[in-house]
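Coordinates in review
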Amino acid sequence: MASRGSPTRAAEPAPTRSARTPFVGRREILSVLEDGLDETLDGHGKSFLVAGEPGIGKTRTVEELIHAATERGFAVHVSRCHEVQGAPALWPWVRLAREIMGVGRDANLLAELGVEGRALARLLPEMASPASVHEPAAEEGEATLFELFEAVANLLRRASRAMPRLVVLEDVHWAELASLQLARFLSREIREDRVALVTTVRDTEVGTRDRLAAPLADLAADTHLLQLQGLDEAAIASLVAHAAGFEVPDILAAAVHAQTGGNPLFATEVVRMLAQEGRLGTPNEPMPEAMRSRFHRRGSRSPRRRRLG
Ligand SMILES: Nc1ncnc2c1ncn2[C@@H]1O[C@H](COP(=O)(O)OP(=O)(O)OP(=O)(O)O)[C@@H](O)[C@H]1O
Ligand SMILES: [Mg+2]
């Protein structure tokens, strides 16, 4: 991943632009996201929530964005929420904050953080020692959640003076409440900073009565919501051709599109399955004649959305 300025760091290894499949479609969404990066560079930080069903391409779209961001000189910080019980509160943000502070803890940043450093020390206990940050313990008092949120915002703000920042928080459908609230808080706070925030969510996982439904709706209200739909037929045709290794008849691409609702994960799996079963044909004879008529019938059905289990 190319980067101008100092090297990009990430709380989790920043995904490199995948060579698995060529990135197809999504031009409009990517250009909205890239415009967001440009505005962020001009000091108008942007927050995006990328939503969609499993396998629809949220992570892949963000990977493309990360590539664009590093080319523009952003430092990129990636963290994700996991489907585990009992993770410490704000854990994905702890990882991000650690990352932004840098392994060796940036001395200038620490000194600048001053009072906020005390609130941050609740998030990052390893910050509790430097004299440059800390007043005597007796004066500390209880940092409220709000102070903590402010401290994270200020950490990001100050860090962004050295280098613009892209912060990615993946899979917030598995976040705990405070992490979601912090994402929303930052979405509002970064508007005058060189900080872009991208969160991703499987909206299909959060029912209306889910405990996260309201905080997610709040987050969506304060971000630019990008709802990923299925890829169009042309994009699926490219994916199918790539997965097959040769150009496939339009009718096959259309059938795969119809069967998968344009979900790239399903589409790739369907092609793999067809290939394994020898039903994909060869470059010289793509798809035997008998299959064509079967696919013709299937392809003419109305598109059907499938969910991954
Ligand atoms: N626009 C695209 N062009 C090419 N391949 C894509 C595209 N979008 C997604 N893919 C591929 O489809 C698969 C699923 O995509 P991805 O992992 O981004 O889905 P997701 O929405 O993040 O799913 P999940 O909710 O499970 O995290 C990946 O192999 C990815 O590389
Ligand atoms: Mg994903």
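The rules behind these values
Residues numbered from 1 in each chain as written. Chains lettered and ligands numbered in written order. Predicted model: local features only at pLDDT ≥ 70, side-chain atom pairs only at ≥ 80, totals over all residues. Helix = DSSP H or I, 4+ residues; strand = E, 2+ residues; numbered from the N terminus. Buried ≥ 20, exposed ≤ 12 C-beta atoms within 10 Å, placed from the backbone. Contact = placed C-beta atoms within 7 Å. Core = buried A, V, L, I, M, F, W, Y, C linked by C-beta atoms within 7 Å. Pairing = 2+ DSSP bridges. Axes fitted to C-alpha atoms, helices over the stretch in contact; angles between N-to-C directions. Arc of directions from axis to C-beta. Near = placed C-beta within 6 Å. Nonpolar A, V, L, I, M, F, W, Y, C, P; charged D, E, K, R; others polar. Domains from an automatic or database assignment. Parallel < 35°, antiparallel > 145°, perpendicular 65-115°, else oblique. Left-handed = near helix turned anticlockwise from the far one by under 90°.

1. Structural notes on the overall build of the chain
If you tally the helices and strands in the chain, you get 12 helices and five strands. The buried share of the chain, taken over its 309 residues, is 42%. Of the contacts formed within the chain by residues at least 6 apart in sequence, a portion of 78% connects residues at least 24 apart.

2. As for the nonpolar core
Ranked by size, the top nonpolar core spans 53 residues in total, and within it Val-152, Leu-156, Leu-166 and Val-198 carry the most contacts. In terms of residue count, the dominant contributor to this core is helix H6 (residues 145-162) (seven residues). For Leu-166, the residues in contact, after removing those within four places along its chain, are Ile-66, Ala-69, Phe-74, Val-76, Ala-196 and Val-198. By size, the runner-up hydrophobic cluster in this structure holds 19 residues, among which are Ala-235, Ala-253, Val-270 and Leu-274.

3. Some remarks on the sheet that holds strand E4 (residues 195-201)
Reading across the sheet, the five strands line up as E2-E3-E4-E1-E5 and stay open at both edges, with parallel pairing between neighbours. Here the strands that pair on one side only, and so sit at the sheet edges, are strand E2 (75-80) and strand E5 (224-227). Strand-to-strand twist in this sheet, taken as the mean axis angle between neighbours without regard to direction, amounts to 15 degrees. Against the sheet, helix H3 (residues 91-101) contacts E2 and strand E3 (165-170), and its axis sits at roughly 155 degrees relative to E2. Helix-sheet contacts for H6 involve E3 and E4, and the interaxial angle to E3 is about 135 degrees.

4. Here we look at the environment of Ala-69
One can find Ala-69 in helix H2 (residues 58-71). Residues Ala-69 and Asp-38, spaced 31 residues apart in sequence, show a C-alpha to C-alpha distance of 9.1 Å. Those residues in contact with Ala-69 that sit more than four places away from it in its chain are Leu-37, Phe-74, Val-76 and Leu-166.

5. Quick notes on H3
Residues of H3 that are buried: Pro-92, Trp-93, Leu-96, Ala-97, Glu-99 and Ile-100. Down the axis, H3 shows its buried residues gathered within 160 degrees of arc, on one side only. Positive phi appears at Gly-102, one or two residues downstream of H3, with a value of about 90 degrees.

6. Topic: the site of ligand 1
Looking at ligand 1, there are 19 residues lining it, with Gly-57, Lys-58, Thr-59, Arg-60 and Pro-264 nearest. Those elements giving two or more residues to the shell around ligand 1 turn out to be H2 and helix H11 (264-276). Here the element with the most residues in the shell around ligand 1 is H2; it accounts for three residues. Its residues placed into classes, the shell around ligand 1 shows seven nonpolar, seven polar and five charged. Structurally, the shell around ligand 1 is a two-domain feature, drawing no fewer than three residues from each of domain 1 (27-227) and domain 2 (233-299).

7. Examining unusual backbone geometry
With a phi close to 60 degrees, Arg-26 is a non-glycine residue in the positive phi region. The backbone of Asp-171 sits at a positive phi, close to 60 degrees, despite the residue not being glycine. Given 19 C-beta atoms within 10 Å, Asp-171 falls into the partly exposed group.

8. So, the packing of helix H10 (residues 250-260) against H11
The contact between H10 and H11 brings their axes to 9 Å, and the two run at 125 degrees. By the criterion of interaxial angle, the relationship of H10 to H11 is oblique. Like other packed secondary-structure pairs, H10 and H11 cross with a definite hand, here right-handed. Contacts from Val-256, Gln-259 and Thr-260 of H10 reach H11 at Phe-266, Ala-267, Val-270 and Val-271.

9. Here we look at the environment of Asp-38
The topology assignment puts Asp-38 in helix H1 (residues 27-41). Separated by 34 residues in sequence, Asp-38 and Arg-72 place their C-alpha atoms 8.4 Å apart.

10. What about helix H8 (residues 213-221)?
The set of residues buried in H8 consists of Pro-215, Leu-216 and Leu-219. Taken around the axis of H8, the buried residues stretch over an arc of 100 degrees, which confines them to a single face. Turned more than 90 degrees away from the buried face of H8 sit Ala-213, Ala-217 and Ala-221, all of them exposed.

11. Considering the pairing of E2
Most of E2 is tucked away: five of the six residues are buried. Both E2 and E3 contribute to a ladder of six bridges, which runs parallel. Across the sheet, Val-76 pairs through a bridge with Leu-166, a residue of E3.

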